Amino acid sequence: MSQYGLEGHTVRRYDGELNHLHLRVVELGGLALHQTRSALAALQERDVRIARAVIGREWEVNRLDVSIDDDLISVIARRAPVARDLRIVMAFAKTVNELERVGDEANKVARLAIGLFDGFRLDPGDAQMWDVQTMGRRVVELLERAMDALDRLDVVAAQAVAGSRRELDAECQAGLRRLTTYVMEDARNVGQVITLTQIIKALERIGDHARHVGEYVVYLVSGEDVRHQKCQPDDPPTGGGAAPDPG
Amino acid sequence: MNTSTSDLEPKSVQTSYVQPDRTAAPRATVDREVRRTVGDVRVAEPRIRCNDINVYYGTAHAIKGVNLDVARNEVVAMIGPSGCGKSTFLRCLNRMNDTIDGCRVTGEILLDERNINTREIDVVPLRAQVGMVFQKPNPFPKSIWENVAFGPRIHGLARTRAQLDEIVESSLRRAGLWEEVKDRLEKPGTGLSGGQQQRLCIARTIAVQPEVILMDEPCSALDPISTAKIEELIDELRQQFSICIVTHSMQQAARVSQRTAYFHLGDLIEVGATEQIFTNPQHKLTEDYITGRFG
């Protein structure tokens, strides 16, 4: 835990409620991270059983999401939080939303893995998988750092996560360009390249969600809203055909 | 919670109004560290400007060099723990502290650029200009009509009964009470409900055409519906008056005010836009108080 505390209320039950919320959000983050790692393991191992297990656990992410939302609404209704408590509640609510979407994207990757390896109709070679694995490692590392910042409410670590958009964009663009060359070489590659492109886009979205978690931790701790900083005029647009990051 | 010296410092460096050097201040302040108010205490074209206000009850230093402006058409909420001096400061603004034995107020209180904290100022017209609503509704033991008409009559704002009737009706309408009492104006004001009595007191205050209305915990004795009516009224009155409200209800301060001032042990710790104070206060004491971590 950082110097920044959730505790110290005269009404100590309020401390308990905020700590409980924090624990549950971290728990959801851990689950989303596990789902992402498992989906990538399914790709790495070419194992559809792992992918099916990811899909089977999706309901746990959704259940936790709904349950934490209930807790948040209860705190808002009963405690009427203000100042840092208000930022805590708002940041947790938004973080939960991001983590639930991480779960959705992991689920999507798992489904795409099944499409690739169930019967090995579209089995891509190791060379084609290289970019997916590289992107996957980078995204998992970013998500781990985001969860660590959230767990410790560490504003410095969170700022580093929030500021990592360009690296992730560059990685994604490079991967998509390389995949395009496989189609140019042999049109019969188009099936698996489309699937791998979808996987890379899903991983990019997971990275975006991780970044957003970092932004919410910065807001929670410092009160500074660092979202949408790419809107600064000196920030050049990224090249390639990737869809712009909405957030 | 213990308040260490570091607690008394702003969380971060902010544009602050540095209180003037008070080397000539009375003994009670000699060893005291000069505290800075976080946030901008000044506004453009203030209705009231307070410069270095100190209040002493005998040797007790109750308000310590407070500087604060009140703008036109705004509600300023004053919050803080019991004994922090917020009500004392409020009472300075219409010289109500004059009625307390041993109370001494120093500094400048400019109402429309005229210092009201001097002996030359007649407090009777001043208190019409700066009206006050108290915690407990205090209607006169007279009829509803008399309660409202009393002020305009003694201040010579009306010459005829018809003019008084007009003032009574318009004041009661502005206080949101007309529809409820128009058929029983001759009945005693004390026979109204608590919320109605408080609105009657507000009608009585605005009947003398004040510039500023001071409210000292005006809803603390009222039920939630009456409180909501008073808060709605405050919002409407803001269009014409400057309003300073002391409240123990943080939610009420957040709902009704445009600026909030946090007092602590006689110091004005932080002033800011209410939204900012309740989402991202800059001083640790302010944050600890409004989030219920203080004391």
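The coordinates are above.
What counts and what doesn't
Residues numbered from 1 in each chain as written. Chains lettered and ligands numbered in written order. Predicted model: local features only at pLDDT ≥ 70, side-chain atom pairs only at ≥ 80, totals over all residues. Heavy atoms only, no water. Helix = DSSP H or I, 4+ residues; strand = E, 2+ residues; numbered from the N terminus. Contact = heavy atoms within 4.5 Å. Areas by Shrake-Rupley, 256 points an atom, 1.4 Å probe, with all protein chains shown as cover. Salt bridge = Lys/Arg side-chain N within 4 Å of Asp/Glu carboxyl O. Polar contact = N/O pair within 3.5 Å; in protein donor to acceptor, adjacent residues only side chain to side chain. Expected span 1.5 Å × (residues − 1). Bend = angle between axes of the 7 residues up to and from the residue. Buried < 20%, exposed > 50% of the residue type's maximum accessible area, 1.4 Å probe, protein only.

Chemist: Even after reading the chapter, I still don't get the overall build of chain A, so can you show me in this structure?
Modeler: Each helix and strand counted, chain A has seven helices and zero strands in total. Its helices and strands in sequence order give chain A the pattern α-α-α-α-α-α-α, from N to C terminus. Relative to all contacts within chain A whose residues are 6 or more apart in sequence, the contacts with residues 24 or more apart total 81%. Accessible surface computed for chain A: about 11400 Å², of which carbon and sulfur atoms make up 54%.

Chemist: Explain the interface of chain B and chain A here, please?
Modeler: A common way to state how big an interface is: give the accessible area lost once the parts meet. In this assembly, 13 residues from chain B lie in contact with 18 residues from chain A. Applying the counting rule to chain B against chain A returns four salt bridges. In this assembly, chain B and chain A are joined by twelve residue pairs in polar contact (both at pLDDT 80 or more). Contributing elements (two or more residues each) for the side of chain B that touches chain A: α9 (274-279) and α10 (284-290) of chain B.

Chemist: I'm lost on helix α2 (residues 48-79) of chain A in this one. Help?
Modeler: Because an α-helix packs 3.6 residues into every turn, residues spaced three or four apart end up facing the same way. Residue and element names in this part refer to chain A. Its 32 residues give α2 an end-to-end C-alpha distance of 46 Å, which sits within 8% of 46 Å, the value for a rise of 1.5 Å per residue. Along α2, the largest kink reaches about 30 degrees and is centred on Arg57. Contacts from the buried residues of α2 go to α1 (12-45) and α3 (83-117). The N-cap of α2, judged by a side-chain oxygen 2.8 Å from the amide nitrogen of Arg49 a few residues on, is Asp47. One or two residues past the end of α2 sits Ala80, with phi positive at roughly 45 degrees.

Chemist: I would appreciate a short explanation of helix α4 (residues 126-152) of chain A in the present structure.
Modeler: The terminal C-alpha atoms of α4 of chain A, which comprises 27 residues, lie 38 Å apart, in line with the 39 Å expected from a rise of 1.5 Å per residue. Once α4 of chain A finishes, Leu153 of chain A follows within two positions and takes phi at roughly 50 degrees, a positive value.

Chemist: Looking at this model, I keep getting lost on the pattern of salt bridges. Mind explaining?
Modeler: Any two side chains of opposite charge can pair if their charged atoms end up close together. Applying the stated criterion to the full structure yields 37 salt bridges over all chains. Ionic pairing is found between Arg37 of chain A and Glu144 of chain A, a salt bridge with its closest N-O pair at 2.4 Å. With a gap of 107 residues between them, Arg37 of chain A in helix α1 and Glu144 of chain A in helix α4 connect regions that are remote in the sequence. Arg37 of chain A gets classed as partly exposed once you look at its relative accessible area, which sits at 39%. Residue class for Glu144 of chain A comes out partly exposed when judged on its relative accessible area of 32%. Close ionic contact of Arg138 of chain A with Glu171 of chain A constitutes a salt bridge, the shortest N to O distance being 3.1 Å. Of the two residues, Arg138 of chain A is situated in helix α4 and Glu171 of chain A in helix α6 (residues 165-185); the sequence distance between them amounts to 33 residues. Here the salt bridges share partners, and the residues they tie into one network are Arg84 and Arg87 of chain A together with Lys284, Glu287 and Asp288 of chain B.

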